[in-house]
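# Commentary on secondary and tertiary structure
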Amino acid sequence: MILAGAAAELRERLRDRSTYVALFVSLVGIGLLFPSDGSGYATIAATGKRVLLSSSASAALAAVLLNAFFSVVGLLAVSATLLRDTRPSGIGESLRTSPASNFALLAGRWLANLALLAGFGAVACVLAIVMVWPRVANFDPVSFVAVYALLVVPALVILAGAGLVFDVVFRGSRAWRVTAAIVLWLIAISVAAIPGAQIVDPLGIGQFEAQLAAAGHGVPVSFGIAPMSANAPVAFSLDFPITWGLVAGRIAAALAGVAIALLALVRFPRFAALPVRADDEPLHVDDRPRSAATPLSPVRLARMPLLVSRAAAEVRMMRLGGVPWAVLSLAVLGNVLGFVHATTFALALLTLVPVVLSQRIVLTETPLGTESLIGTLCAAERQYVLWKVLALGAASLALALPYLVYAAAADPLHALGLVAADLAIVTLTVAIGYVSGSVMPGLLAAGLWWYLFSFNTLPPAIDVAGVHAAPSAVAIAAYVVAALAVLAAACTGRRGAALASS
Amino acid sequence: MLQCTDLQVRFGNGVQALRGVTLRFDAGITGLVGRNGSGKSTLMKVIATSITPNGGSLAWNGEDAVRRPDVIRGVLGYVPQYFGVYQNLTAIEFLEYLAALRRIAPKAARARALELLDRLGLASAAKRRLGGFSGGMLRRVGIAAAFLGDPQLIVLDEPSVGLDQYERANFVALLEQYRDRTIVLGTHIFSDLAQTADALVFMDQGSVADSVTGLRAGAGVRRGEPVEAMCERFVMSGSPT
């Protein structure tokens, strides 16, 4: 029964697109950490010089990123099962009225959590090897895998158990779940950053930094994406030795993960006591008469409040929940702790958030959703696209607002470039989805877009957001024009067959 | 035999959904009739142990099912009003999963799931993902889930909504096969009740307003009135007679 539950849970999640979005994001993040020798930036620098990584040090770096990333995203991904099931569209009622014990149900979920995270870790390991191999002299895959597994596996065991605890404790609340995940992430990162405290660093996030500090021999070493001269000299080579202390610490961490899961399994209250959530928010219905007025007619302008309320309804449909809190908090923390370059993070928000939000919009486009109703309320096909672009653009810009303010204060052109990039990717994502009738091409386009910006040799003409160099006014103008052209093309196109049929 | 005694359910928002419902369900099909919000679904949720009542008792063959819901869960087949599914599983995978939760052996579960899907006209869709199913198809998957294993108590909340005449006939035929079990059928499709029900319970504002028994034997039909007309008049006027 437990294995059957685990298999069903795992199948359900493996066939969910959002699973692969999370995996893709983590892989792109890992790719960013390994710039080539001639790159315009470095992730580890010692007084303006590069630090060369051995196979084991590369593995430690990849593991650190995966653990840090998964300690929020992975945790949230594996902790929403009860929330999902207790909605009217969920299977909570079938589960709670089945003779299966709570222990069996939850044990199956824990196994599914573990398998899912382990699968992510394995795929990330393979791809990290593919990325790192050409960039490390005398690459040793065995050493790489050993260090990677040592750091990643115990962390994933902890996260799988923590996901179960989160489910049990925050069963109905997404906001509390997200908030708690961020607080725990902050604690984990803080502990990892304390010199000498890595012995109580169960997620293994601080292990690499500890080794880096030891290898620096007093030389100031920075960990984070920083500009670097293309022909910068090498400060030193970094290795990551496996010590008995490290092995013992990681075994203890894995056992702690099992103990956390057992705690949830034993302490779980009756499944039957879970509430069935009221899932459907009241749908905004526009019952005012529509006219064939031109977009800029006085009648149309007089209805601006109506337009605003339609855009607000679109944003509500995305069911953002705790996402803004999570993204904003991560952005602020990421910047404060210096893990990522501000511009890169802002670009991630501005491009990847629409991707994630697209997933939510897809949910409303199912036969059980409200999208077909919304579609019938639009006076014209073009309105459908316009609302999506407005809503997604507004949401992603709002999420990145702290960075836009920061960027505008330092360099207005830079902020303008970020906004242009946002307009372009939001338009592209929605337009492709609209025309194709499927969200997948839009997701792929957005993902490829973001990955393009992580290339080390990005031509300045394309680098509209100034990730690797200062943005140019010509590039910004070109992006805005391209976005408007895509929007115009989508507005005159036909809605896709899949959407129409749903 | 299922015995409900003075069942009380009050929701968190203050709504009193059940007000002292006392009923006995014997083997056979008992139809629940009432307007929307009359307490039919709440009563069925209590019987299916999805909701714990605030007061009263529920007993299955004399055993207290409020304190020990497993006495019902082990024998229950249940189609809730909103039958949720894992959207990314196929119909056969989902039914196999639910069968595993009911402790049915994998081989037997697969055979039974395929048999039910075939019987309900879903054989060709067995390997399609549930996310692509229509509302009527999902209802049929729900019905199949309720009849997995060997349920002794079957609770069906609006099971035939969205089914066409042909599929409804299949459903009725399936019910006939299980007539020796205790079946609680809540529906607004009165022709289903006319064809199948042995007894009717009329509910209004969380209470039992009236009940009729011996329908199949003709004893309960008052003044020779058809069941459908009786149900319709109750819903429209609040009185079955």
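Along each chain, numbering runs from 1 in the same order as the chain's sequence is written. Following the order in which they are written, the chains are lettered starting with A and the ligands numbered starting with 1. For a predicted model such as this one, the threshold for reporting local features is a pLDDT of at least 70, and the threshold for listing and counting side-chain atom pairs is 80 or more; totals across whole chains, interfaces and linings nevertheless cover every residue. To obtain the side-chain values, all non-hydrogen atoms of the structure were used and water was disregarded.

## Quick look at the overall build of chain B
Helix and strand labels come from DSSP, where a helix needs a run of H or I of at least four residues and a strand needs a run of E of at least two; each type is numbered from the N terminus. A tally of helices and strands in chain B yields eight helices and 10 strands. Per-residue burial for chain B yields a buried fraction of 57% across its 241 residues. Contacts are residue-level and defined by heavy atoms, with any inter-residue pair within 4.5 Å sufficient. When contacts within chain B are restricted to residue pairs at least 6 apart in sequence, those whose partners lie at least 24 apart make up 62%. Under the convention used here, a 1.4 Å probe and the Shrake-Rupley method define accessible areas, while residue burial counts only the protein chains that appear. Total accessible area computed for chain B in this model is approximately 9700 Å², and 49% of it derives from carbon and sulfur atoms. Remark: exposure states derive from per-residue accessible area (1.4 Å probe, protein chains only) relative to the maximum for the residue type, with buried under 20%, exposed over 50%, and partly exposed in between.

## Considerations on the interface of chain A and chain B
You'll often see interface size given as the accessible area lost when the parts meet. On the side of chain B, 29 residues touch chain A, which itself brings 29 residues to the contact. Together, R15(A), E93(A) and P99(A) form the three largest contributors to the area buried by chain A at its contact with chain B, with a combined 25%. A carboxyl oxygen of Asp or Glu within 4 Å of a side-chain nitrogen of Lys or Arg is what we treat as a salt bridge. Between chain A and chain B we count two salt bridges in total. For the salt bridge of E93(A) with K45(B), the shortest nitrogen-to-oxygen distance reads 2.9 Å. A 3.5 Å cut-off defines polar contacts: any pair of N or O atoms within that distance qualifies, except that in protein one atom must be a possible hydrogen donor and the other a possible acceptor, and neighbouring residues in sequence count only when both atoms are side-chain atoms. Where chain A packs against chain B, one counts seven residue pairs in polar contact (both at pLDDT 80 or more). Counting residues per element, the ones that place at least two in the side of chain A that touches chain B are α1 (2–14), α5 (81–85), α6 (92–96) and α7 (102–132) of chain A. Looking at the side of chain A that touches chain B element by element, the count peaks at six residues for α1(A). When residue character is reported, Ala, Val, Leu, Ile, Met, Phe, Trp, Tyr, Cys and Pro are called nonpolar, Asp, Glu, Lys and Arg charged, and the others, Gly included, polar. For the side of chain A that touches chain B, the class distribution of residues is 12 nonpolar, six polar and 11 charged. The term buried area denotes the loss of accessible surface (1.4 Å probe radius) that occurs when two parts are joined, taken as the sum for both partners.

## A look at the sheet that holds strand β2 (residues 16–25) of chain B
Residue and element names in this part refer to chain B. The four strands lie next to each other as β2-β1-β4-β5, forming an open sheet whose pairing is antiparallel. At either margin of the open sheet sits one strand with a lone partner, and together these are β2 and β5 (63–64). Examined bridge by bridge, strand β1 (residues 2–10) and β2 share seven bridges and lie antiparallel to one another. Pairing of L2 across the sheet is with F25, part of β2. Note on geometry: axes are lines fitted to C-alpha atoms, helical ones only across the stretch in contact, with angles between N-to-C directions running from 0 to 180 degrees. Together, β1, β2 and β4 (55–60) form the strand contacts of helix α1 (residues 40–47), whose direction differs from that of β2 by roughly 60°. One bridge is not enough; two strands pair if DSSP finds at least two bridges between them.

## Looking at helix α3 (residues 91–101) of chain B
Where burial is concerned, most of α3(B) is hidden: 10 out of the 11 residues are buried. When we look at burial in α3(B), the residues that qualify are A91(B), I92(B), E93(B), F94(B), L95(B), Y97(B), L98(B), A99(B), A100(B) and L101(B). Those residues of α3(B) that are buried lie in contact with α1, α6 and α7 of chain A together with α4 (106–119) and α5 (135–146) of chain B. In the segment just after α3(B), R103(B) is the residue with positive phi, at about 65°.

## Quick notes on the environment of D26(B)
Residues and elements named next belong to chain B. Along the chain, D26 falls in the loop between β2 and β3 (28–34). For the pair formed by D26 and V184, sequence separation is 158 residues and the distance between their alpha carbons is 9.8 Å. Beyond its immediate chain neighbours, meaning those up to four positions away, D26 contacts M1 and T182.

## Topic: unusual backbone geometry
Residue and element names in this part refer to chain B. Even without being glycine, D6 reaches a positive phi, approximately 50°. Secondary-structure assignment places D6 in strand β1. D6 gets classed as partly exposed once you look at its relative accessible area, which sits at 37%. Here T49, not a glycine, exhibits a phi torsion of approximately 65°, which is positive. You can see T49 is positioned in the loop between α1 and β4. Look at T49 and you get buried, because its relative accessible area is 6%.

## A few points about the pairing of strand β10 (residues 207–212) of chain B
Residues and elements named next belong to chain B. As judged from the five bridges shared by strand β9 (residues 199–204) and β10, these two strands associate in the antiparallel manner. Bridging from a neighbouring strand, D204 pairs with S207 of β10. Hairpin remark: β9 followed by β10, antiparallel, with two residues in the connecting loop; positive phi at Q205, about 50°.

## Some details on the confidence of the model for chain A
Residues and elements named next belong to chain A. Per-residue confidence from the prediction method is given by pLDDT, with values spanning 0 to 100. In the predicted model, chain A carries a mean pLDDT of 69, and the fraction of residues at 70 or more is 53%. For chain A, per-element mean pLDDT is lowest for helix α22 (residues 497–501), which scores 40, and highest for helix α8 (residues 141–169), which scores 90. Counting contacts from residues 275–297, a segment whose pLDDT is below 50, to residues more than four positions away or on other chains yields 45 contacts. A low-confidence stretch, residues 359–381 stays under pLDDT 50, and its non-local contacts, those more than four residues away or across chains, total 52 contacts.

## Quick word on the packing of aromatic side chains
Residues and elements named next belong to chain A. Stacked, tilted and edge-to-face are the three classes assigned to paired rings of Phe, Tyr and Trp, where Trp is represented by its six-membered ring and a pair needs centres within 6.5 Å; plane angles under 30 degrees give stacked, over 60 edge-to-face, the rest tilted. Counting across every chain of the model gives eight aromatic pairs over all chains. On the basis of an interplanar angle of 15° and a centroid distance of 6.2 Å, the ring pair of F144 and Y148 is categorised as stacked. Here Y148 and F144 lie together in helix α8, a separation of four residues that amounts to about one turn. Classification of F144 by relative accessible area gives buried; the value is 0%.

## Some words on the sheet that holds strand β7 (residues 153–157) of chain B
Residues and elements named next belong to chain B. With respect to topology, six strands assemble into an open sheet ordered β6-β7-β8-β3-β9-β10, the strand pairing being mixed. Edge positions in the sheet fall to β6 (76–79) and β10, since each has one partner strand and no second. Along the sheet, successive strands turn relative to each other by an average axial angle of 15°, direction set aside. When β3 meets β9, the two strands line up parallel, connected through five bridges. Across the sheet, the residue bridging to L32 is V201, located in β9. Packing of helix α6 (residues 165–177) onto the sheet brings it into contact with β3, β7 and β8 (182–186), and relative to β8 it is tilted by some 150°. Together, β3, β9 and β10 form the strand contacts of helix α8 (residues 227–237), whose direction differs from that of β9 by roughly 10°.

## Structural notes on the nonpolar core
Of all hydrophobic cores here, the largest spans 70 residues; its most connected members are L53(A), F144(A), Y148(A), I205(A), F208(A) and L238(A). At 15 residues, the largest contribution of residues to this core is made by α8(A). With near-sequence residues (within four places) excluded, I205(A) lies in contact with V64(A), N67(A), A68(A), S71(A), A188(A), I189(A) and A192(A). The set of buried Ala, Val, Leu, Ile, Met, Phe, Trp, Tyr and Cys residues whose side-chain atoms join them within 4.5 Å is what this entry labels a nonpolar core. Judged by nonpolar contacts, the second largest core, of 61 residues, contains A99(B), A113(B), A144(B) and F234(B).

## Concerning the packing of α7(A) against α8(A)
Residues and elements named next belong to chain A. Two elements in contact, α7 and α8, have axes whose closest approach is 9 Å; the angle formed by their N-to-C orientations is 150°. With respect to α8, the element α7 is oriented roughly antiparallel. Once α7 is placed against α8, the crossing between them reads as right-handed. The residue makeup of the contact of α7 with α8, split by class, is 19 nonpolar, four polar and one charged. Convention used here: angles under 35 degrees read as roughly parallel, angles over 145 as roughly antiparallel, angles from 65 to 115 as roughly perpendicular, and any remaining angle as oblique. The hand of a helix crossing depends on one turn: near helix anticlockwise from the far one by less than a right angle means left-handed, and clockwise means right-handed.

## Looking at the pattern of salt bridges
Close approach of charged atoms lets side chains of opposite charge pair. Residues and elements named next belong to chain B. For the coordinates displayed, the defined rule picks out 12 salt bridges over all chains. Here R24 and D26 are joined by a salt bridge, their closest N and O atoms 3.2 Å apart. Among the residues examined, D26 registers a relative accessible area of 34% and is labelled partly exposed. A salt bridge links R110 to E96, with the shortest nitrogen-to-oxygen separation between them at 2.6 Å. You can see R110 sitting in helix α4 and its partner E96 sitting in helix α3, a full 14 residues away along the chain. Three or more residues joined by partner-sharing salt bridges are found here, namely D150, D180 and R181.

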